[in-house]
Amino acid sequence: MAATLAPADRLAAPSLRIHHPSSLSRRLLVPSRLPATSLFPHRRPRVVAMAVETGGANSKPRVLVAEKLGEAGLALLKGLADVDCSYNLSPEELRAKIALCDALIVRSGTKVGRDVFESSGGKLRVVGRAGVGIDNVDLAAATEHGCLVVNAPTANTVAAAEHGIALLTAMARNIARSDASMKAGKWERNKYVGVSLVGKILAILGFGKVGSEVARRAKGLGMHVIAHDPYAAADRAHAMGVELVTFDEAIASADFISLHMPLTPSTSKILNYEAFAKMKKGVRVINVARGGVIDEEALVKALDSGVVAQAALDVFTKEPPSADSKLVLHEKVIATPHLGASTVEAQEEVAIEIAEAVIGALKGELAATAVNAPMVPPEVLTELAPFVVLAEKLGRLAVQLVAGGSGVKSVKVTYASARTSVDLDTRLLRAMITKGLIEPISDVHINLVNADYTAKKRGIRITEERIPLDGSPEDPIESIQVHIANAESKFPTAVSGLGEITVEGRVKDGIPHLTKIGSFQVDASMEGSLILCRQVDQPGMIGTVGSILGEQNVNVSYMSVGRIAPRKHAVMAIGVDDEPTKAALKKIGDIPAVEEFVFLKL
Ligand SMILES: NC(=O)c1ccc[n+]([C@@H]2O[C@H](COP(=O)([O-])OP(=O)(O)OC[C@H]3O[C@@H](n4cnc5c(N)ncnc54)[C@H](O)[C@@H]3O)[C@@H](O)[C@H]2O)c1
Ligand SMILES: O=C(O)[C@H](O)COP(=O)(O)O
């Protein structure tokens, strides 16, 4: 019985692209064990196992670094690419340059919107965000354009946490204002009496990497730390002595609130009028996350009314904020210009982390920090490599069999496997089948980033099923079947009893084989091109077809015959190294016993 997997369009999985390794201008980015066909990203985004077009045998990829990046990272990039460091570009200048670039590296100060991807004309393969927050990158547009987005999620965590603590303590003890006062020649000891931290309740909103580092440090200061994070594991919090509470509990009981969540539609203005109304009078707010998580107008009102005693802000809705920003100028606010990640050490680390990610992406290696592509662990990739090739070939073969009907709208992929669906990650295979299905009939290049998106956009629904097998074979998959529903075929034999064009393949000795077409068993190595014939099962057919091809100097790599019953009908699969002439194909089609006939490129 088949177990149904989620339809492709419900899985958040982007995808990848494949090419033939014959092109010298491409670098093969697939693990060396991957056979013949390789996976390429299209617009050359790559992803897990793909190759990258370099534009010519000797040409280097071009990387635009649009914001200041540490020297160590630049040095790494220069080892592979032509690096253009152009800072403070206007949006127009960025759009003008991007069409020449394979990769773009930014920090939070550059908006990488849809216009940038559109202006790239498909050349941009990877955007590297040298930091954590990717709210300045239009991920949907990147995915639609097959462009991989990678970030550097860990290198600045400690720097941001330290800055959060610095703001917390500086605010509590009026460091900034008292320093300014002294520099103005004053000695105002009574004016700048602070508040103590020990024993105070600190509510951390967003208990991720930075939030938990802030918690660890705040506990060292003797604070009582609670946290709100709907997605955080309670045991991790408990292990640190942090209680996870609801949002309302957190904001209502806190003496200090520190924000550490990403800016998303659901966190936008999460501290708003309603939230401030629930807070304890005299609460202090720290924000080193993103300005947009606070309704800044509501914060100004809360500061004016005294509900919020002080705020310490590193980030703003608009950066830089306007010179007359009421918030920045407010006497109860201390502000820094988005300095959370700005330590010498963090910037060097971030630069190295993002340079390695971008170089890996350009080379087609696994992108461990991919933001808009599934991360397929290297060991899974290695294991699936031969099936990846099979998957693309089955998709490519199935679509070439379509003659009409409703076209390719509904595709079902069936994996026969002894693995449970938990142990069988099929995203890569689905992407490759999608690639095989779509590339022969369009000018869209498919990669791991854009496969599902492209299928959906073209109205192709791809569902997956698993046929559970007993045992635990060495191979993760016994066979893959691709079924295209409601389509007429130019080789009607490929249509199964269920009215679907059906092809099945297996991997034998690392080589993909076609093992079934419609209801006929065959065994054809899926290399080169393939001639499929359905004929009356009678002696001499193999010789007749072989002679026609021989006359044309077409080398036959194999022949395989499957039949329903002796002397009835048979299906012959003939592998050829070269493409036969039209005349030769016509001659084969004209053999009286040949009932159906099709030539397919694999
Ligand atoms: N000021 C800076 O220079 C600086 C430096 C580094 C990070 N940051 C920002 O800090 C934030 C956190 O970074 P991180 O590396 O810790 O990210 P992270 O992904 O490790 O942590 C974010 C946490 O927020 C949680 N979260 C998501 N939605 C939430 C919600 N509605 N309520 C509560 N929690 C929610 C997530 O579950 C996650 O645990 C990001 O916005 C990042 O851009 C700023
Ligand atoms: O999200 C981040 O990593 C921080 O906000 C740092 O941003 P920056 O790289 O612009 O300093």
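By convention here, each chain's residues receive numbers from 1 onward along its written sequence. Labels are handed out in written order, letters beginning with A for the chains and numbers beginning with 1 for the ligands. Predicted model: local features are reported for residues with pLDDT of at least 70 only, side-chain atom pairs are reported and counted for 80 or more only, and whole-chain, interface and lining totals are derived from all residues. Excluding hydrogens and water, the side-chain values take into account all heavy atoms of the structure.

- Under an unreviewed UniProt entry, the name given to the chain is D-3-phosphoglycerate dehydrogenase, and the organism recorded is Musa acuminata subsp. malaccensis.
- Listed in UniProt under the heading Catalytic activity (unreviewed entry), the comment for the chain reads: "(2R)-3-phosphoglycerate + NAD(+) = 3-phosphooxypyruvate + NADH + H(+)". UniProt positions are given in the numbering used here, feature names are shortened, and annotations may be inferred rather than shown by experiment.

### Examining the domain arrangement of the chain
Stage number 1. Residue ranges for the domains trace back to a domain assignment, done automatically or taken from a database. As assigned here, the chain comprises domain 1 (62-151 + 347-363), domain 2 (156-335), domain 3 (377-526) and domain 4 (528-601).
Stage number 2. Between domain 1 and domain 2, the C-alpha centre-to-centre distance is 31 Å.

### Topic: the state of the cysteines
Stage number 1. Throughout, a disulfide means two cysteine sulfur atoms within 2.5 Å of one another. Per the counting criterion, the structure on display carries 0 disulfides.
Stage number 2. Free cysteine: C85, not disulfide-bonded; nearest cysteine sulfur from C101 at 11 Å.
Stage number 3. Looking at C147, it has no disulfide partner, and the nearest cysteine sulfur is the one in C101, 11 Å off.

### A few points about the site of ligand 1
Stage number 1. As a structural note, the neighbourhood of ligand 1 is formed by 25 residues, with K209, V210, D229, V288 and D314 the closest of them.
Stage number 2. The term polar contact refers here to a pair of N or O atoms within 3.5 Å; inside protein, the definition further demands a hydrogen-donor-capable atom paired with an acceptor-capable atom, and it admits residues adjacent in sequence only when both atoms are side-chain atoms. Between ligand 1 and the protein, one listed contact pairs an oxygen atom with a backbone N or O atom of G133 at 3.5 Å.
Stage number 3. Taking H338, its side chain carries an N or O atom lying 3.4 Å from an oxygen atom of ligand 1.
Stage number 4. Within the complex, 88% of the 850 Å² of free accessible area of ligand 1 lies under protein.
Stage number 5. Basically, the charged four are Asp, Glu, Lys and Arg, the nonpolar ten are Ala, Val, Leu, Ile, Met, Phe, Trp, Tyr, Cys and Pro, and anything else, Gly included, counts as polar. Among the residues forming the shell around ligand 1, the class breakdown is 12 nonpolar, 9 polar and 4 charged. Any residue with at least one heavy atom within 4 Å of a molecule or strand is counted as near it. For the area figures, the Shrake-Rupley method with a 1.4 Å probe applies, and any residue is considered shielded solely by the protein chains shown.

### Focus: the nonpolar core
Stage number 1. Counting 55 residues, the largest nonpolar core has L401, I517 and L530 as the members making the most contacts within it.
Stage number 2. Each helix is a run of DSSP H or I of at least 4 residues and each strand a run of E of at least 2, with the numbering of both proceeding from the N terminus. The greatest single-element share of this core, amounting to 10 residues, is contributed by helix 14 (residues 378-400).
Stage number 3. Each of two domains, domain 3 (377-526) and domain 4 (528-601), supplies a minimum of three residues to this core.
Stage number 4. Every residue in contact with I517, bar those within four places of it in the chain, is listed here: L401, F491, T493, A494, T502, V503, V522, L532 and V571. Nine residue types can take part in a nonpolar core, namely buried Ala, Val, Leu, Ile, Met, Phe, Trp, Tyr and Cys, and a core is a set of them joined through side-chain atoms within 4.5 Å. Burial status follows relative accessibility: with a 1.4 Å probe on protein chains alone, a residue under 20% of its type maximum counts as buried, one over 50% as exposed, and anything between as partly exposed. The criterion used for residue contact is that any of the two residues' heavy atoms lie within 4.5 Å.

### Describing the side chain of S181
Stage number 1. Examined against the element boundaries, S181 turns out to sit in helix 6 (residues 175-183).
Stage number 2. Overall, S181 belongs to the buried group, its relative accessible area being 7%.
Stage number 3. Those residues in contact with S181, other than ones at most four positions away along the chain, are K186, E188 and Y192.

### Points about the sheet that holds strand 12 (residues 224-228)
Within a beta sheet, neighbouring strands are joined by backbone hydrogen bonds and run either parallel or antiparallel to one another.
Stage number 1. The strand order across the open sheet formed by 7 strands is 13-12-11-14-15-16-17, and the pairing between neighbours is parallel. Bordering the open sheet on either side are strand 13 (243-244) and strand 17 (333-335), each of which pairs with just one other strand.
Stage number 2. In terms of strand pairing, strand 15 (residues 283-287) meets strand 16 (residues 308-313) through 5 bridges, oriented parallel. Note that in strand 16 the partner of V285 across the bridge is A311.
Stage number 3. Packing of helix 11 (residues 296-305) onto the sheet brings it into contact with strand 16 and strand 17, and relative to strand 16 it is tilted by some 140 degrees. DSSP-based pairing: two strands are paired if at least 2 bridges between them are found. For helices, the fitted line uses only the C-alpha atoms of the stretch in contact; every axis is such a line through C-alpha atoms, and the angle between N-to-C directions lies from 0 to 180 degrees.

### Structural notes on the sheet that holds strand 29 (residues 594-601)
Stage number 1. With antiparallel pairing, the 4 strands of this open sheet are ordered in space as 27-28-26-29. Of all the strands in the sheet, the pair left with one neighbour each is strand 27 (556-563) and strand 29. Ignoring which end each strand starts from, the neighbouring axes of this sheet average 15 degrees apart.
Stage number 2. Set on the sheet, helix 14 makes contact with strand 26 (529-536) and strand 29; between it and strand 29 the angle comes to about 135 degrees.
Stage number 3. Most of the contacts of helix 17 (residues 541-551) go to strand 28 (residues 569-576), to which it runs at about 30 degrees, and overall it touches strand 26, strand 27, strand 28 and strand 29.

### Details of the confidence of the model for the chain
Stage number 1. By definition, pLDDT measures how confident the predictor is in each residue, and it falls between 0 and 100. Looking at the chain, pLDDT values average 87 and 89% of them are 70 or higher.
Stage number 2. Predicted complex, confidence summary: ipTM 0.99, pTM 0.76.

### Side note on the site of ligand 2
Stage number 1. In the vicinity of ligand 2, the contacting residues are R107, S108, R129, A130, G131, V132, G133, N156, R290, H338 and A341.
Stage number 2. Contact distances for ligand 2 include 2.4 Å between an oxygen atom and a side-chain N or O atom of S108.
Stage number 3. Measuring from an oxygen atom of ligand 2, one finds a side-chain N or O atom of R129 at 3.0 Å.
Stage number 4. Computed on the free molecule, ligand 2 has an accessible area of 310 Å², of which 91% lies beneath the protein chains in the complex.
Stage number 5. A per-class count over the shell around ligand 2 returns 3 nonpolar, 5 polar and 3 charged.

### Thoughts on the side chain of N156
Stage number 1. Looking at the element boundaries, N156 is found in the loop between strand 10 (148-151) and helix 5 (157-172).
Stage number 2. Using a relative accessible area of 7% as the deciding quantity, one classes N156 as buried.
Stage number 3. In contact with N156, other than residues within four places in its own chain, are G131, V132, A341, A346 and V350.

### Focus on unusual backbone geometry
Stage number 1. A cis amide bond links E319 to the next residue, P320, at an omega of -10 degrees.
Stage number 2. Position of P320 among the secondary structure elements: in the loop between strand 16 and helix 12 (326-329).
Stage number 3. Positive phi outside glycine occurs at N88, with the angle close to 55 degrees.
Stage number 4. As for its position among the elements, N88 is in the loop between strand 7 (82-85) and helix 2 (91-98).
Stage number 5. Take N88: its relative accessible area is 74%, and that puts it in the exposed class.
Stage number 6. At D509, a position not held by glycine, the phi torsion is positive, near 50 degrees.
Stage number 7. With respect to the element layout, D509 can be found in the loop between strand 23 (501-508) and strand 24 (511-517).

### So, the pairing of strand 15
Stage number 1. Most of strand 15 sits inside the fold, with 5 of its 5 residues counted as buried.
Stage number 2. Across the two faces of strand 15 the burial is the same, with V283, V285 and N287 and R284 and I286 all buried.
Stage number 3. Relative to strand 15, strand 14 (residues 256-259) is paired through 4 bridges, and the arrangement is parallel. For I257, the partnering residue across the bridge sits in strand 15 and is V285.
Stage number 4. When the strands point away from the viewer and the path from the first strand over the helix to the second turns clockwise, the crossover is right-handed. Taking the sense of rotation as the criterion, the β-α-β connection linking strand 15, helix 11 and strand 16 turns out right-handed.

### Quick notes on the layout of surface pockets
Stage number 1. A 1.4 Å probe that fits into a set of points on a 1 Å grid over the protein atoms alone but cannot get out defines a cavity; an open set with protein on both sides within 12 Å along at least five of seven lines defines a pocket, and lining residues are those with an atom within 4 Å of a point. Grid points are joined across faces, edges and corners, and a volume is the space filled by probe spheres set on the points. Taken as a whole, the second largest pocket spans an internal volume of roughly 350 Å³.
Stage number 2. Lining the second largest pocket are 15 residues, with N88, L89, G109, T110 and K111 sitting closest to its centre.
Stage number 3. At the level of secondary structure, the elements contributing two or more residues to the lining of the second largest pocket comprise helix 2 and helix 3 (114-119).
Stage number 4. In terms of residue class, the lining of the second largest pocket is made up of 6 nonpolar, 5 polar and 4 charged.

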